Structure formats: C-alpha cells, structure tokens
Amino acid sequence: MIRISPIRLIDENNEQVGVIETIEAKRRAKEVGLDLVEVSPQSAPPVCRIMDYGKWKYQQKKKEQKARSHSKQSELKELRLRPQIDEHDLDIKTKRSREFLDEGHKVQFTIQFKGREMAHRELGIDLMRQVAGLLEDVSKVEQPPRSLGRRMTMTLVPERKQVQKPPKAEGSASPAAKESAPADKAPVAKAAPAAKAAPKPAPEAKESAPAKEPAAAAKAKPKKVEPAPST
C-alpha cells in the first residue's frame, strides 16, 4: 500500500540504508520474510522500515494496555455515606474503600445532608473522622472534611506504613555481641574461686571437736576403787 517512491529505508537490523526506490525496498523485505512498514509518512521522503508487522502491532497493543493501567491508578473513587449510617453499611463501605486504596486509587467520601440533618453537621464530621481512623493503616488524609453546601467531602490517598520490627531477644544477639560477651564475663569467673575459699576454717572446727570428747568422757567415767587388803 506504499505508493510513494523513493523512500528512506531502515533495514531489519535497524540500520540506515538510505533513499531507495519503493520496489527495491519491497524486494529486500520479501527476501528476509518480513514486511515493509511506513513509520514516518510526514517526512520527505517518507521513512519505511523492514519489520514483522504482526509483532509490531502486538507490542503497540501491549504499550497501550500498560498506559491505560497506569492511568487507572490515578482515578478518584467516590463512596457516599449517610449521617445516620448503621455499623453494617459502614463496614461494607470501609472494606470497599480499602480495596480501592490497595489498588492505588484515591477515595473521596461524600455525605449528603437532607432536611433537618443540616442542623447536626457535627455528626458528619465525627463519621468522617471515624472512617479515617479505620483506614489509617493503608491511607492518609489528603483533604480533611469540608462542607460544600449540603455536601461534606473528605479525600484519602493510599499510603502503606512500615511495620516496626520487634526488638531482638537476648538469645539472638549479633555475632559481635557474642564475641564480646566472654570478655565481659571473664572477671566474674576469676573472682568466683576467691568467694568459695573463704569458708575454709570449717574443717578445723571439725578436727578440734573430737579432741574435746575424751576430756568430757574422762569426767563422766567413774574412777575404779581398788578393794582394801584383807588383814
């Protein structure tokens, strides 16, 4: 379908061939089993490339899908609340908003006041603060609650907070701490024998005890009286 001739050709190796006739460019593309594709029709002469047209279209489609997926991340999701919402409905709304925040979307909460509810706008502020507290682990407040006529809005943006790691137990000390531990305990190990050597006088008391027993026994033992000689 390329009718203009001559053209500027880029071959299958992405190298500049130069300005040649369109028939010659088609012949080259046919020899390598590829297509001749016009990539810059506004140039003079037009720029054509030898490539796999089906593969090129597939890559372009992938790029478009990726661009659409990135554009979805910046979408603003809206959830409507009522001043007198019950706990079940509030739980459903917060779960849904949590899903949006996990996907990277912003979430705008809207409260529409009707009739006499306008006299109790503090209920809407309390509800907004409650919702922000329920979602504080995955979001932060970009726009605090503000009133616009009969409407009150609040916007949350996704934010993942880092979970603080618990302190390590004493048993899981670092290698450097383990190496320095014996040096700290060394003076205690040397002082331990001196503390045990203090009660050594106890054996002397045990040895002296038996020496006193004979004296006591001698006092208690009656003297032998020899009989008087008969006359």
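The preceding data block contains the structure.
Below is a summary of the structure that appears in this document. (Residues numbered from 1 in each chain as written. Predicted model: local features only at pLDDT ≥ 70, side-chain atom pairs only at ≥ 80, totals over all residues. Heavy atoms only, no water.)

### Looking at the overall build of the protein chain
The helix and strand tally for the protein chain stands at 6 helices and 8 strands. Within the protein chain, buried positions represent 21% of all 231 residues. Within the protein chain, contacts between residues separated by at least 24 positions form 51% of all contacts whose residues are at least 6 apart in sequence. (Helix = DSSP H or I, 4+ residues; strand = E, 2+ residues; numbered from the N terminus. Buried < 20%, exposed > 50% of the residue type's maximum accessible area, 1.4 Å probe, protein only. Contact = heavy atoms within 4.5 Å.)

### Let's talk about the sheet that holds strand β7 (residues 139-148)
Strands belonging to one sheet form pairs held by backbone hydrogen bonds; the direction of such a pair is parallel or antiparallel. If you walk across this open sheet you meet the 4 strands as β5-β6-β8-β7, and the pairing is mixed. Of all strands in the sheet, those with a lone pairing partner are β5 (76-81) and β7, marking the two edges. Taking each pair of neighbouring strands and ignoring which way they run, the sheet shows an average axis angle of 20°. Where β7 lies against strand β8 (residues 151-158), 7 bridges are found, and the strand directions are antiparallel. Note that in β8 the partner of S139 across the bridge is P158. In the packing of helix α3 (residues 87-102) onto the sheet, the strands contacted are β5, β6 (106-112), β7 and β8, and the crossing angle to β5 comes to about 175°. Sitting on the sheet, helix α4 (residues 121-134) touches β5, β6, β7 and β8, and the angle it makes with β8 is about 10°. (Pairing = 2+ DSSP bridges. Axes fitted to C-alpha atoms, helices over the stretch in contact; angles between N-to-C directions.)

### Comments concerning the packing of aromatic side chains
Two aromatic rings, taken as a pair, are described by how far apart their centres are and by the angle between their planes. In total, this model carries 1 aromatic pair according to the counting rule given. When the centroid spacing of 5.8 Å and the interplanar angle of 20° are considered together, the rings of Y53 and W56 count as stacked. Of this pair, Y53 and W56 are both found in helix α2 (residues 53-72), 3 residues apart, which corresponds to roughly one turn of the helix. Lying over the aromatic face of F113, R121 brings its terminal NZ or CZ to 4.9 Å of the ring centre. (Phe/Tyr/Trp six-rings, centres within 6.5 Å; stacked < 30°, edge-to-face > 60°. Lys NZ or Arg CZ within 6 Å of the ring centre and 35° of its normal.)

### A few points about the side chain of S97
For S97, the location among the structural elements is in helix α3. Residue S97 is classed as buried on the basis of its relative accessible area, which comes to 0%. Aside from chain neighbours lying at most four places away, what touches S97 is L79, V107, F109 and L135.

### So, the nonpolar core
Counting 19 residues, the largest nonpolar core has L81, F109, I111, L127, V131 and M154 as its most contacted members. Elements with a contribution of two residues or more to this core: β5, α3, β6, α4 and β8. For this core, the leading source of residues is α4, giving 4 residues. Residues contacting V131, with those up to four places away along its chain left out, are L81, L90, F109 and M154. Core analysis: the next-biggest nonpolar cluster, separate from the first, contains 9 residues, I20, L36, C48 and I50 among them. (Core = buried A, V, L, I, M, F, W, Y, C linked by side-chain atoms within 4.5 Å.)

### What about the side chain of D11?
Topologically, D11 is positioned in the loop between β1 (7-10) and β2 (16-20). In terms of polar contacts, D11 uses its side chain to reach the backbone amide nitrogen of N13, at 3.1 Å. If near-sequence neighbours (up to four positions away) are discounted, D11 is found in contact with V17 and I50. (Polar contact = N/O pair within 3.5 Å; in protein donor to acceptor, adjacent residues only side chain to side chain.)

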